[in-house]
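Descriptive analysis of the structure
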Amino acid sequence: MNVRNDTAPPPAPAADRLVEATRELLWERGYTGTSPKAIQQRAGAGQGSMYHHFTGKPDLALAAITRTAEELRALADGLLSGPGTAVERVTAYLRRERDVLRGCPVGRLTQDPEVMADPVLRAPVEQTLGWLRGRLAEVLAEGRANGELPPSVDPSGTAATVVAVLQGGYVLARAAGDTAPFDQAVTGLITLLAPPA
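Per chain, residues are indexed from 1 in the order of the written sequence. Given that the model is predicted, a residue must reach a pLDDT of at least 70 before its local features are reported, and side-chain atom pairs must reach 80 or more before they are shown or counted; all residues, however, enter totals for whole chains, interfaces and linings. Only hydrogens and water are set aside; all other atoms, that is, all heavy atoms of the structure, feed into the side-chain values.

So, the overall build of the protein chain
Quick reminder of the rule: To qualify as a helix, a DSSP run of H or I must reach at least 4 residues; to qualify as a strand, a run of E must reach at least 2; elements of each kind are numbered from the N terminus. Partly exposed describes any residue whose relative accessible area lies between the buried limit of under 20% and the exposed limit of over 50%, with all areas from a 1.4 Å probe on protein chains only and scaled to the type maximum. In what follows, residue pairs with any heavy atoms lying within 4.5 Å of each other are defined as contacts. With residues, only the protein chains shown are counted as cover, and all accessible areas are computed by Shrake-Rupley using a 1.4 Å probe. Think of it this way: Lys and Arg go in the positive column, Asp and Glu in the negative one, and His and the chain ends go nowhere. Just so you know, the charge point we use is NZ for Lys, CZ for Arg, CG for Asp and CD for Glu.
What the protein chain contains, in helices and strands, is nine helices and zero strands. Over its C-alpha atoms, taken along the principal directions, the protein chain stretches across nearly 70 × 45 × 30 Å. Expressed as a percentage of the 197 residues in the protein chain, the buried residues total 38%. Expressed as a percentage of contacts within the protein chain between residues at least 6 apart in sequence, the contacts between residues at least 24 apart total 64%. Summed over its atoms, the accessible surface of the protein chain is roughly 10600 Å², and 56% of this surface lies on carbon and sulfur atoms. Here the protein chain holds 20 positive side-chain charges and 22 negative ones, and the gap between their average locations is 4 Å.

What follows is the structure, encoded as structure tokens:
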């Protein structure tokens, strides 16, 4: 007699497993290093299932990149819209838990020539980084307006600096095989935003 375990979640649909597998592989290997066969193996799905849901690797990659971008935006917006002063919210975003040595799952795609050469695949990457700069600029403008930041602060330029420091911090950490350079860059930026009294 089979006993059904009602506490176990049902298996994810094949399309969802394929997208999640592609997200992981793009982060680990990049677009070129991610083969349809590797996606199918990681997802536990067959070729027929893959081509039933997606027209091919580019279509599946677009779904994966879009989901990663949406997740990153939601996480960032949750912190940047949260409680606290403008500097506290930017600090919360900068200090959030990250898998530093794996790099930014969106930022790493900018180093992938095939993604950057394809306007359709590049679009969610470009839009997400643009959105992040814009959202940070809004928070920093709020901080300048309420006197938390000096009038000389340029919200757009400072937002671009925040994004550049994060992405550069990932690169330095990966080159060193150590998270310390990332942490040092973030701490330096926070000190510039909110110098000690």
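Observations concerning the packing of aromatic side chains
Heads up, the rule is: Stacked, tilted and edge-to-face pairs are distinguished by plane angle, under 30 degrees for stacked and over 60 for edge-to-face with tilted covering the rest, among Phe, Tyr and Trp rings (Trp via its six-membered ring) whose centres lie within 6.5 Å. Think of it as a cone above the ring: NZ of Lys or CZ of Arg counts as a charge over the ring if it is within 6 Å of the ring centre and within 35 degrees of the ring normal.
One pass over the full model with this rule turns up one aromatic pair. Geometrically, the ring pair formed by Y170 and F182 is tilted, given 5.0 Å between the ring centres and 40 degrees between the ring planes. With a gap of twelve residues between them, Y170 in helix α8 (residues 155–176) and F182 in helix α9 (residues 180–193) connect regions that are remote in the sequence. We note that Y170, like F182, is buried. The residue whose ring lies beneath K57 is Y31, and the NZ or CZ to ring-centre distance is 4.1 Å. In this structure, R102 packs its charged tip against the face of W27, placed 3.7 Å from the ring centre.

As for helix α1 (residues 14–29)
What counts, and what does not: Expected helix span is taken as 1.5 Å per residue step, with the number of steps being one fewer than the number of residues.
Taking 1.5 Å of rise per residue, 16 residues should cover 22 Å, and α1 covers 22 Å from first to last C-alpha, within 8% of that figure. Among the residues of α1, A14, L18, V19, A21, T22, R23, L25, L26 and W27 are the ones counted as buried. Elements that come into contact with the buried residues of α1 comprise α2 (36–43), α3 (47–53) and α4 (57–80). Where α1 terminates, the next one or two residues include G30, which has phi positive at roughly 80 degrees.

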